[in-house]
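Per-entry structural report
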Amino acid sequence: MSGKNPDLRNCVNIISVGRDSFPVLDKLYGSFCLAISIKFFAGSSMTHTGETLRVGLRIDVDTFSGTRFGVPALLETLKRNNIKASFFFSVGPDNMGRHLWRLLRPAFLKKMLRSNAASLYGWDILLRGTLWPGPKIGEKLGYVIRAAAAAEHEIGLHAWDHHAWQSRLDRMNGQAVDQHIRQGFDCLTKIIAASPVCSAAPSWKCSDLVLDKKEQFPFQYNSDCRGTGIFYPMVNGRQLSQPQIPATLPTYDEVIGTGGITHDTYNDYILSLLGPGKLNILTIHAEVEGMALNSLFERFLETARSRGIAFHPLGSFLNDSMPIEPGRIVPEEIPGREGWVGVQAPLSR
Ligand SMILES: [Zn+2]
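Residues numbered from 1 in each chain as written. Predicted model: local features only at pLDDT ≥ 70, side-chain atom pairs only at ≥ 80, totals over all residues.

So, about the overall build of the protein chain. When you go through the protein chain residue by residue, the secondary structure sums to 15 helices and eleven strands. Residues classed as buried in the protein chain amount to 42% of the 349 residues present. Put simply, of all contacts in the protein chain between residues at least 6 apart along the chain, 78% involve residues at least 24 apart. (Helix = DSSP H or I, 4+ residues; strand = E, 2+ residues; numbered from the N terminus. Buried ≥ 20, exposed ≤ 12 C-beta atoms within 10 Å, placed from the backbone. Contact = placed C-beta atoms within 7 Å.)

Let us look at the sheet that holds strand 11 (residues 340–345). Spatially, four strands are ordered 7-6-10-11 in an open sheet, and the strand pairing comes out mixed. Each having just a single partner strand, strand 7 (238–239) and strand 11 make up the two edges of the open sheet. By the bridge criterion, six bridges tie strand 10 (residues 325–333) to strand 11 in an arrangement that is antiparallel. Among the inter-strand pairings, Arg-328 is bridged to a residue of strand 11, identified as Ala-345. (Pairing = 2+ DSSP bridges.)

Turning next to helix 15 (residues 294–306). Over its 13 residues, helix 15 extends 18 Å from the first C-alpha to the last, a length consistent with the 18 Å expected when each residue adds 1.5 Å. Buried within helix 15 we find Asn-294, Leu-296, Phe-297, Glu-298, Phe-300, Leu-301 and Ala-304. Buried residues belonging to helix 15 abut helix 3 (64–80), helix 13 (266–273), strand 8 (281–285) and helix 14 (288–292). Remark: Gly-308 follows helix 15 within two positions and exhibits a positive phi of approximately 80 degrees. (Expected span 1.5 Å × (residues − 1).)

The subject of this paragraph is the confidence of the model for the protein chain. Residues of the protein chain with pLDDT of at least 70 account for 74%, and the chain-wide mean is 81. Here residues 1–49 is modelled with pLDDT under 50, and outside its nearest four sequence neighbours on either side it reaches 91 contacts, counting other chains as well. Note that residues 114–122 has pLDDT below 50 and, in this model, 13 contacts with residues that lie over four places away or in other chains. (pLDDT = per-residue confidence, 0-100.)

Once that is clear, we can look at helix 8 (residues 137–150). With 14 residues, helix 8 should cover 20 Å at 1.5 Å per step; its first-to-last C-alpha distance of 18 Å lies within 8% of that length. The principal kink in helix 8, of about 50 degrees, is found at Tyr-143. Of the positions making up helix 8, those classed as buried are Ile-137, Gly-138, Leu-141, Val-144, Ile-145 and Ala-148. Close packing links the buried residues of helix 8 with helix 3, strand 2 (86–90), strand 3 (154–159) and helix 10 (174–192). (Bend = angle between axes of the 7 residues up to and from the residue.)

Within soluble globular proteins, side chains that are nonpolar tend to cluster in buried spots. Formed by 68 residues in total, the largest nonpolar core has its most connected members in Ile-59, Phe-87 and Phe-89. In contact with Phe-89, other than residues within four places in its own chain, are Val-61, Ile-145, Leu-157, His-158 and Leu-188. (Core = buried A, V, L, I, M, F, W, Y, C linked by C-beta atoms within 7 Å.)

Moving on, we get to unusual backbone geometry. As a rule of thumb, non-glycine residues mostly have phi less than zero, and peptide bonds are mostly trans rather than cis. We note that Ser-203 has phi near 55 degrees; this positive angle belongs to a residue other than glycine. Summarising the element assignment, Ser-203 is placed in the loop between strand 4 (198–199) and helix 11 (208–214). The exposure class assigned to Ser-203 is buried, which follows from the 24 C-beta atoms found within 10 Å. Located in the positive-phi region is Asn-236, a residue other than glycine, with phi close to 50 degrees. Among the structural elements, Asn-236 can be located in the loop between strand 6 (231–235) and strand 7. Classification of Asn-236 as exposed rests on a count of 8 C-beta atoms within 10 Å.

All right, on to the environment of Lys-79 then. By the element assignment, Lys-79 lies in helix 3. Distance in space between the C-alpha atoms of Lys-79 and Ala-151 is 8.4 Å, their sequence separation being 72 residues.

Helix 10 packs onto helix 8 with a crossing angle of 60 degrees between their chain directions and a minimal axis gap of 9 Å. In this view, helix 8 runs oblique relative to helix 10, as classed from their interaxial angle. Handedness of the crossing formed by helix 8 with helix 10: right-handed. Across the interface between the two elements, Gly-138, Gly-142, Ile-145, Arg-146 and Ala-149 from helix 8 touch Cys-187, Leu-188, Ile-191 and Ile-192 from helix 10. Its residues assigned to classes, the contact of helix 8 with helix 10 shows six nonpolar, two polar and one charged. (Axes fitted to C-alpha atoms, helices over the stretch in contact; angles between N-to-C directions. Parallel < 35°, antiparallel > 145°, perpendicular 65-115°, else oblique. Left-handed = near helix turned anticlockwise from the far one by under 90°. Nonpolar A, V, L, I, M, F, W, Y, C, P; charged D, E, K, R; others polar.)

Two numbers describe how helix 3 lies on helix 8: the axes approach to 10 Å, and their chain directions differ by 10 degrees. One element, helix 3, and the other, helix 8, form an angle in the roughly parallel class. Contacts between helix 3 and helix 8 involve Phe-64, Thr-67, Arg-68, Val-71, Pro-72 and Leu-75 from the first element and Ile-137, Leu-141, Val-144, Ala-147 and Ala-148 from the second.

As a further point, take the environment of Glu-154. Here Glu-154 shows up in strand 3. The exposure class of Glu-154 is buried, given the 25 C-beta atoms found within 10 Å. Along the sequence, Glu-154 and Leu-314 sit 160 residues apart, while their C-alpha atoms lie 8.1 Å from each other.

In the sheet, strand 6 pairs with strand 10 via three bridges, with the strands oriented parallel. For Tyr-232, the partnering residue across the bridge sits in strand 10 and is Pro-326.

With that settled, consider the environment of Phe-231. In this structure, Phe-231 sits in strand 6. The spacing of Phe-231 and Pro-346 is 115 residues in sequence and 9.7 Å in space, taken between C-alpha atoms. Those residues in contact with Phe-231 that sit more than four places away from it in its chain are Pro-243, Gln-244, Ile-324, Glu-325, Pro-326, Gly-327 and Gln-344.

Structure follows, in structure tokens:
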């Protein structure tokens, strides 16, 4: 099977390079991501308008592997393209193996299963990363985070334990939420010898309780939801002081394989969603665009640059002269993503 199937051949290759020191999850994650990167971007069709488009580039870092391999690759990519972005780091234990299957679109997972991935790896390998506590990312990979800070990217907190947040936030009380943020904040502060200036809730899972707790930290803004424009959240009738900069564009895993969007047309699709006069905030993942899809992402940046599109850290959008209206964050399901996410909503809704 693997001899005929290029996806599986590459899976075999990544296993065979002998990354002995990597956790099994690293191999598995990288292998799946590599398997979806066989085809590369082939062109674009967006009309050049002559206007300068500004895009906020948000880089979520969820895992040990993404920090170790994806972040350095992205730092190089961004350096080559002279771009400053916002990195949101997870710094506590990497328990994302428990979430591995849900990181992939069900359609792709079915394809992998059809491709006999289970017999290739064995179920023990596929499940092993879920059976013991993961390594603490910040303890081992602080040097990577410091490299991002040294390169003058904006540094924000994503999570202490990404998996715990996205799977258990609904059951966390105020003390647990506060402890989670504080552990991450303290760890990241120690690593970069400065307070992180912003935060982004894992998987856009954010509630009024979370917003209320975040006010106790010196974040200049938070990016906890999906939406269309910068706003000040209202919680219990009070307008909070920390603005929200929502992600406005879909992620790769949310749209690939839907609506005729393929790996080859993905860059064109995202470019087609950008527009002047609106907030363009793109989220990428160190585990995806920094690893298996790094070439695809670099082509995206090159094409965007050829059209005069400029990329910036999210915080730079706070300097825009547009008035910041109040709003709310409500839980909603969105296409391509399992479970609810926080979504920007008007006050009146
Ligand atoms: Zn994340």
